[in-house]
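# Secondary and tertiary structure notes
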Number of protein chains: 2
Amino acid sequence: MKMLINVPETVVPDALRGIAAAHPDLTVDVEHRIIMRKGAPFEGKVGLVSGGGSGHEPLHGGFVGRGMLDAACPGEVFTSPVPDQMARAAAAVDSGAGVLFIVKNYTGDVLNFDMAAELAEDEGVQIAKVLVNDDVAVTDSLYTAGRRGTGATLFVEKIAGAAAEEGAPLDRVASLARQVNEASRSFGVALTACSTPAKGGPTFDLPDGELELGIGIHGEPGRERRAMMTSGEIADFSVDAILEDMRPDAPVLALVNGMGATPLLELYGFAAEVHRVLAERKVAVARTLVGNYVTSLDMAGCSVTLCQVDEELLRLWDAPVATPGLRWGY
Amino acid sequence: MKMLINVPETVVPDALRGIAAAHPDLTVDVEHRIIMRKGAPFEGKVGLVSGGGSGHEPLHGGFVGRGMLDAACPGEVFTSPVPDQMARAAAAVDSGAGVLFIVKNYTGDVLNFDMAAELAEDEGVQIAKVLVNDDVAVTDSLYTAGRRGTGATLFVEKIAGAAAEEGAPLDRVASLARQVNEASRSFGVALTACSTPAKGGPTFDLPDGELELGIGIHGEPGRERRAMMTSGEIADFSVDAILEDMRPDAPVLALVNGMGATPLLELYGFAAEVHRVLAERKVAVARTLVGNYVTSLDMAGCSVTLCQVDEELLRLWDAPVATPGLRWGY
């Protein structure tokens, strides 16, 4: 498998140097692997820190900036960052108003963010945590007890980030983040496996002519394999898997997400099918975001995340944001 | 080759329905295949129309919006749109101030935009044209006489779009567009072939362990094939190929572009190497854009585009823009 890299061992620091070069609004600590909003901490503002294994870009580093995260901590590819890293990030962005950790539900991340919270609290930083676990495909998986955290992370980071930007206190930012997670559900599909730099090739086998329904963002097994389906059939299956678990009685934010290697042309066609299914199921769509936001390296495939919103969540979603991966209003 | 589609024949209209669903700021005429800024034409404003074969998204439809294009005309995958389509788009966005056609240098596009200009002028629309031909890899190619048009298209559309938004007249918008094209050079590299829906598989063979230097955005042959290179070696080769042809004596805009399937993690690492080479060659970088902007379906690989800017071009680059693919300041 050919990759645009120097050597597998330096993929993460190489990318951090590129982020530093491209984004003067960010401060990148390559040594300690922290991507931070320039100027942080901000007087009176709750700090938002997330992180996780690399390979899901733009998540999380691409969501650092005004109106979203204050810092992101990338681990090695598909590997949790370490507690020192998140504790250091928390201390760096804490203005005294406390810090919210946004944690995707993978065992390594959960353990390491818990340890980081203890370390940060020892240093006098008040920490709150939100666990993101939106993926309805399976309970318990290769790296998870309970549901996996996937696309809802973007909604949590954006909406909690907007509240923090407006000056909401830590308990309010944390409760909004939990509300968003509880109102969100995701389902993902792989057409191909992904290849990690360390392995140098596909991390699992997915034969020609088959797809995997309910895939995880690290290629963890989903619900089942089937013969290749059309875009419309995949939309039906994915949306129905979500609606079996959550029946929205208010409009939703819809994220139609690419896993990395699926062309945007195909993804927009899929978005049309997702809208068709939602209309047939009488689910109103308030906003739709189409693109590669929560990826799995070079995997071809897609996921759908729906988040039921009230007026306040929608207002916070629409609030200005200025990050490399998501930007409007500034 | 598995694709997220219904049937190959409806890939373009399916995507147009998705664009319409996701972007209420755009008006999408699915029947005539025109993506238009809502509210166009705008009193006194020069209209900007581009288009070309589909498969390069977000180019061009993703660059329709405030501060950039007024309309885009997608053809079938890797196939020029038809003259009626562009003429209809021109008439729709003309406020009386005239319309600039932005045309990538491929024989089909050039012929069809010429015919569209005649049709539009017959209807009383004043037309100016700019031809984008920035790719230094080869002269004459599979679909081109002369140099191919690639990444510079984004710079031309953004900078000319900003000038039009400020109320510049047609001759000024057109001369700025030509200035940007002349100040821009690109070079691209493929690690894999791309697959078109119609063919259902790779459009050419690129063996494991080899890359193609100087690839075109439709997979047209480049300069040469070599054994796989590191990210740093590719950056050296690509930047030097550009600098052999253009020796900037002012800062440049740098587009570090993914061909579609290369993970953003790898692309940022490549951006770091591009910055290293530019620093070694004493070329100052004013702005850097990293991402999948001018793509070739599911091709893995990258391209570099440099555009030498003066203060006025840089000011217009930084001006606000609100499109699905490029957004800041609004």
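Residues numbered from 1 in each chain as written. Chains lettered and ligands numbered in written order. Predicted model: local features only at pLDDT ≥ 70, side-chain atom pairs only at ≥ 80, totals over all residues. Heavy atoms only, no water.

Attention shifts here to the pairing of strand β12 (residues 301-308) of chain A. Residues and elements named next belong to chain A. With respect to burial, β12 is a largely interior element, seven of its eight residues being buried. Bridge analysis of strand β7 (residues 184-190) against β12 gives seven bridges, and the strand direction is antiparallel. In the sheet register, Phe 187 faces β12, and the bridge partner there is Val 304. Sheet analysis places strand β10 (residues 252-258) next to β12, joined by seven bridges and oriented antiparallel. Note that in β12 the partner of Ala 254 across the bridge is Leu 306. (Buried < 20%, exposed > 50% of the residue type's maximum accessible area, 1.4 Å probe, protein only. Helix = DSSP H or I, 4+ residues; strand = E, 2+ residues; numbered from the N terminus. Pairing = 2+ DSSP bridges.)

Here the focus is the interface of chain A and chain B. Across the contact, 55 residues belong to chain A and 55 residues belong to chain B. A combined buried area of about 4,300 Å² lies between chain A and chain B, and 66% of that area is made up of carbon and sulfur atoms. Considering only the surface of chain A that becomes buried against chain B, A:Lys2, A:Leu4 and A:Leu265 emerge as the three largest contributors, covering 22% of it. Our count for the chain A to chain B interface comes out at two salt bridges. Salt-bridge contacts for A:Glu273 lead to B:Arg17; the nearest nitrogen and oxygen are separated by 3.2 Å. (Contact = heavy atoms within 4.5 Å. Buried area = accessible area lost by both parts, 1.4 Å probe. Salt bridge = Lys/Arg side-chain N within 4 Å of Asp/Glu carboxyl O.)

Right, let's get into the sheet that holds strand β5 (residues 99-104) of chain B. Residue and element names in this part refer to chain B. Here six strands make up an open sheet; going across it, the order is β1-β2-β4-β3-β5-β6 and the pairing mixed. Where the open sheet ends on each side, the last strands, each with one partner, are β1 (26-29) and β6 (127-132). Going from strand to strand, the sheet's axes swing by 20° on average, the running direction of each strand aside. As paired strands, β5 and β6 are joined by six bridges and run parallel to one another. For Ile 102, the partnering residue across the bridge sits in β6 and is Val 130. Contacts from helix α5 (residues 170-182) reach β3 (47-54), β5 and β6, with the element oriented near 5° to β6. (Axes fitted to C-alpha atoms, helices over the stretch in contact; angles between N-to-C directions.)

Residues and elements named next belong to chain B. Running from N to C, helix α4 (residues 152-165) and α5 point in directions that differ by 155°, and their axes come no closer than 9 Å. By the angle between their directions, the pair α4 and α5 is classed as roughly antiparallel. Considering how the two elements wind past one another, α4 and α5 form a crossing that is right-handed. Within the contact between the two elements, α4 uses Phe 155, Val 156, Ile 159, Ala 160, Ala 163 and Ala 164 and α5 uses Val 173, Leu 176, Ala 177, Val 180 and Asn 181. In the contact of α4 with α5, the residues fall into ten nonpolar, one polar and no charged. (Parallel < 35°, antiparallel > 145°, perpendicular 65-115°, else oblique. Left-handed = near helix turned anticlockwise from the far one by under 90°. Nonpolar A, V, L, I, M, F, W, Y, C, P; charged D, E, K, R; others polar.)

The next point concerns the domain arrangement of chain A. Residues and elements named next belong to chain A. Along its sequence, chain A is organised into domain 1 (8-182) and domain 2 (184-317). On a C-alpha basis, the centres of domain 1 and domain 2 stand 23 Å from each other. With 39 residues of domain 1 at the interface, the matching set in domain 2 holds 38 residues. Counting the surface lost from both domain 1 and domain 2, the interface buries some 3,100 Å², and carbon and sulfur atoms represent 65% of this. Of all residues in domain 1, Phe 78, Val 136 and Phe 155 bury the most surface against domain 2, accounting for 20% of the area lost on that side. At the boundary of domain 1 and domain 2, one finds three salt bridges. Notably, a salt bridge pairs Arg 172 with Glu 312, separated by 3.9 Å at the nearest N-O pair. Elements with a contribution of two residues or more to the side of domain 1 that touches domain 2: α4 (152-165) and α5 (170-182). For the side of domain 1 that touches domain 2, the element with the highest residue contribution is α4, accounting for seven residues. Across the side of domain 1 that touches domain 2, the residue classes break down as 21 nonpolar, eight polar and ten charged. (Domains from an automatic or database assignment.)

Residues and elements named next belong to chain A. Going through the model one piece at a time under the given rule, you end up with 42 salt bridges over all chains. In this structure, the salt-bridge partner of Arg 148 is Asp 135, at a minimum N-O distance of 3.0 Å. With Arg 148 in the loop between β6 (127-132) and α4 and Asp 135 in the loop between β6 and α4, this pair connects stretches of sequence that are 13 residues apart. The same class applies to Arg 148 and to Asp 135, which are both buried.

Time to look at the nonpolar core. Core analysis: the biggest nonpolar cluster contains 211 residues, and A:Leu100 and B:Leu100 have the highest contact counts within it. Those residues in contact with A:Leu100, other than ones at most four positions away along the chain, are A:Val46, A:Gly47, A:Leu48, A:Val49, A:Ala128, A:Lys129, A:Val130, A:Ala160, A:Leu170, A:Val173, A:Ala174 and A:Ala177. (Core = buried A, V, L, I, M, F, W, Y, C linked by side-chain atoms within 4.5 Å.)

In this section: the relation of the copies chain A and chain B. Turning chain A through 180° and shifting it by 0.0 Å along the axis lays it on chain B, with an RMSD of 0.0 Å. Interpreted geometrically, this transformation is the action of a two-fold axis. Residue A:Ala261 of chain A places its C-alpha closer to the rotation axis than any other residue of that unit, at 2.0 Å. Taken as a fraction of all interface residues of chain A, those also at the interface in chain B reach 100%, which identifies the copy contact as same-surface. (Least-squares fit on C-alpha atoms with pLDDT ≥ 70 in both.)

So, about the UniProt feature "domain: DhaK" (unreviewed entry) in chain A. Under the present numbering, the feature "domain: DhaK" (unreviewed entry) in UniProt falls on residues 7-328 of chain A. The distance separating the terminal C-alpha atoms of residues 7-328 of chain A is 36 Å; by composition the span is 32% helix and 24% strand. (UniProt positions renumbered as here; feature names shortened; annotations may be inferred.)

A separate point is the sheet that holds strand β9 (residues 224-227) of chain B. Residue and element names in this part refer to chain B. The six strands lie next to each other as β9-β8-β7-β12-β10-β11, forming an open sheet whose pairing is mixed. The open sheet has two edge strands, β9 and β11 (285-291), and neither has a second partner. The average undirected angle you get between the axes of adjacent strands in this sheet is 15°. The sheet strands contacting helix α7 (residues 264-280) are β10 (252-258), β11 and β12 (301-308), and the helix crosses β11 at an angle near 160°. Sheet strands touched by helix α8 (residues 311-318): β10, β11 and β12. Its angle to β11, the strand with the most contacts, is close to 35°.

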